[in-house]
Amino acid sequence: MSIAGSIFLQSVNFIDAAYIVAFALMIYGMMGLTGPRTAVRGNRIAALGMAIAVAATLARHGVFDTTTSIWLIILGLAIGTVIGVPAARRVKMTAMPQMVAIFNGVGGGAVALISWVEFRHGFSDTASWPLRVEIFELFGAIIGSISFWGSVVAFGKLQEIFPGRPIKLPGLSQTVLNFLLAVIAIAAAIIIGFGTHSQMLFVLGILLAAAVLGLMIVFPIGGADMPVVISLLNACTGLSAAATGVALSNPVMIVAGMIVGASGTILTNLMAKAMNRSVPSIIAGGFGGTVAAPAGGGAEHSGTVRSTSAQDVAIQLNYASQVVIAPGYGMAVAQAQHAVRELEIELEKRGVTVQFAIHPVAGRMPGHMNVLLAEADVPYDALKEMDEINPEFPRTDVTLVIGANDVTNPAANEDPSSPIYGMPILEVDKSAAVVVLKRSMASGFAGIDNPLFYDPKTTMLFGDAKASVTEVVSELQDL
Amino acid sequence: MDSLVIDLAVLVLAGFVGYTVISKVPNTLHTPLMSGTNAIHGIVVLGGLLLMSESHGLLEQILLVIAVAFGTINVIGGFLVTDRMLDMFKGKDRGSKRGSTGASAEGEK
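This one's a predicted model, so the numbers in the text were calculated from it and none came from an experiment.

*Asks:* What's the story with unusual backbone geometry in this structure? I'm lost.
*Replies:* The phi torsion of most residues other than glycine is negative, and most of the peptide bonds are trans. Residues and elements named next belong to chain A. Backbone geometry places Ser249, a non-glycine residue, at a positive phi of 50 degrees. Assessed through the 16 C-beta atoms surrounding it within 10 Å, Ser249 is described here as partly exposed. Phi at Asp377 is positive, roughly 70 degrees, even though this residue is not glycine. In this fold, Asp377 is placed in the loop between α16 (368-375) and β3 (383-385). Residue classification places Asp377 among the partly exposed positions, given that 16 C-beta atoms sit within 10 Å.

*Asks:* Would you take a moment to explain the interface of chain A and chain B for this structure?
*Replies:* Often, the extent of an interface is quoted as the loss of accessible area on bringing the components together. Opposite the 100 residues of chain A that make contact, chain B presents 83 residues. Of all the secondary structure elements, the ones that give two or more residues to the side of chain A that touches chain B are α2 (12-32), α3 (36-59), α4 (67-90), α5 (96-124), α9 (226-247), α10 (251-274), α16 and β3 of chain A. Here the residues of the side of chain A that touches chain B sort into 61 nonpolar, 29 polar and 10 charged.

*Asks:* I would appreciate a short explanation of the sheet that holds strand β4 (residues 398-402) of chain A in the present structure.
*Replies:* By definition, the strands of a sheet pair up through backbone hydrogen bonds, in either a parallel or an antiparallel sense. Residue and element names in this part refer to chain A. Strand order in the open sheet formed by six strands is β3-β2-β1-β4-β5-β6, with parallel pairing between adjacent strands. Each having just a single partner strand, β3 and β6 (458-462) make up the two edges of the open sheet. Averaged over neighbouring strand pairs, the angle between their axes works out to 25 degrees when direction is ignored. Strand direction decides the pairing type here: strand β1 (residues 322-327) and β4, joined by five bridges, are parallel. For Val324, the partnering residue across the bridge sits in β4 and is Thr399.

*Asks:* Explain the environment of Val106 of chain A to me, please; I cannot follow it from the model alone.
*Replies:* Residue placement: Val106 of chain A occurs in helix α5. Along the sequence, Val106 of chain A and Met226 of chain A sit 120 residues apart, while their C-alpha atoms lie 18 Å from each other. When near neighbours in sequence (up to four residues on either side) are disregarded, Val106 of chain A contacts Phe70, Ile73 and Asn74 of chain B.

*Asks:* I keep staring at the packing of α4 of chain A against helix α3 (residues 45-52) of chain B and nothing clicks. Help me out?
*Replies:* A pair of packed helices can be characterised by two numbers: the angle between their axes and the separation between those axes. Where α4 of chain A contacts α3 of chain B, the two axes come as close as 9 Å, and the packing angle between them is 160 degrees. Compared by their axis directions, α4 of chain A and α3 of chain B come out roughly antiparallel. The handedness of the crossing between α4 of chain A and α3 of chain B is right-handed. Taking contact as the criterion, the partners of Ser69, Leu72, Ile73 and Gly76 of chain A in α4 of chain A are, on α3 of chain B, Gly48, Leu49 and Met52 of chain B. A per-class count over the contact of α4 of chain A with α3 of chain B returns four nonpolar, three polar and no charged.

Cut-off values and rules
Residues numbered from 1 in each chain as written. Chains lettered and ligands numbered in written order. Predicted model: local features only at pLDDT ≥ 70, side-chain atom pairs only at ≥ 80, totals over all residues. Buried ≥ 20, exposed ≤ 12 C-beta atoms within 10 Å, placed from the backbone. Helix = DSSP H or I, 4+ residues; strand = E, 2+ residues; numbered from the N terminus. Contact = placed C-beta atoms within 7 Å. Nonpolar A, V, L, I, M, F, W, Y, C, P; charged D, E, K, R; others polar. Pairing = 2+ DSSP bridges. Axes fitted to C-alpha atoms, helices over the stretch in contact; angles between N-to-C directions. Parallel < 35°, antiparallel > 145°, perpendicular 65-115°, else oblique. Left-handed = near helix turned anticlockwise from the far one by under 90°.

In short, geometric facts, not functional conclusions.
Quick look at the structure:
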């Protein structure tokens, strides 16, 4: 390449232009995610935008100035690739929530580490360090650290390294508040007392305090609230990345970070709404376990539970004209999605319409059920959102509830004393007959008794979801 | 205009763009959306790359190598996993019910 050419490639204007192309591609790519047909291409376009942003940054004059920095950059990129690629290739679709949580965590961790280095530079050369950098890096350090440690705990809970139930110290919500105040106080101390050497300790103090805060926020949150926590942490990492972008005055980081911040915020609100709870009350934690005891004890059911056999279910389904399947996390745990798909094929052969009712918070992250069913080749068309499917239930002959519980609990509509009263549910109790596939009579993640099980038109098919569904399919084939 | 003002303007506008774009994504695609946006915030890797040449001493170099590695895991892992998931949605899209699938997918836009 000629000298003029290489100067052109390294010029600030060229790099800024490349950045603009990069974030335009990312936004365009995200727009593709609005439909299943354009989504694959959209994701690849966004990835291309990312590649351009990285390439432009590497081309920038000064980045490759010293040979050490070249090797260190290559080392970092190589380590990341060696860990990231196999992890992404091998992860099972059921484990997707923890995968997303941990990828999110490392992003937050990167923000925190970058802020740390920025602070070291700032303290060694205070004259060239404007207040804006300080403020935004501080924000990045705090939120990034919270996001990293919070995600690690979320990962641990989803991977069942830690118990999923809320882990609480007595009077913890007050402690969380205190820590929040402590973090703010230390942050203020840094800005006010800026200039002396010992301040490096304050940065570490902030990172540490934010880490403890992250741990204390996520530990008390129950497994059922995980979809909200993951999207919230996602939003946090996005915002901290945007803050780093402002500190470094890097447009592509600002735009990309804010898009993630916005998307995380939207998803968090949607999830919270679907559970009829406010985001602050979820963060305060403790749902599931604490509320359960009075609720379970208070509502005594006189009705009996009727259990059924696979053969009866097969006969019931055979004579139905419309069947709705409402899957929940239990289906994912039992890896029953492929068996469910076989059931769908078998029923469609017999002219039965089969639809899937997907509650927004079914599973452990937003849209989790859809991914699992898509993996099993269930057509996108058959997957119905809650608002779409609810009017269908009165016309439905049989509803199969597979491993779902709280999202089908009619107490949410009928019983004002229920802790989930007001939560939008799949109105499966409106259909002519309900078959609940369940391992045992244990209550759902929220620990609330479900009157649906005692409804005279409900029958229960106990056992492992995958085994039960497979049995129903073979009974159907024998009919 | 001060560059800080411009940066903040970009920040605010990007927030609105993000809100508008993401609001249109259907519930069904929320998991891929999440892992896709997750990959995008791996953009912080740029921060690590930019600071690398300015780093002094072993500690900063170690911190930045970890930061770059973290960011790379985030970016590459995120995009790959999203691609895998979306491929499944696409795969069955042209599956059994060809005619009706096309019509409804168009109708959604």
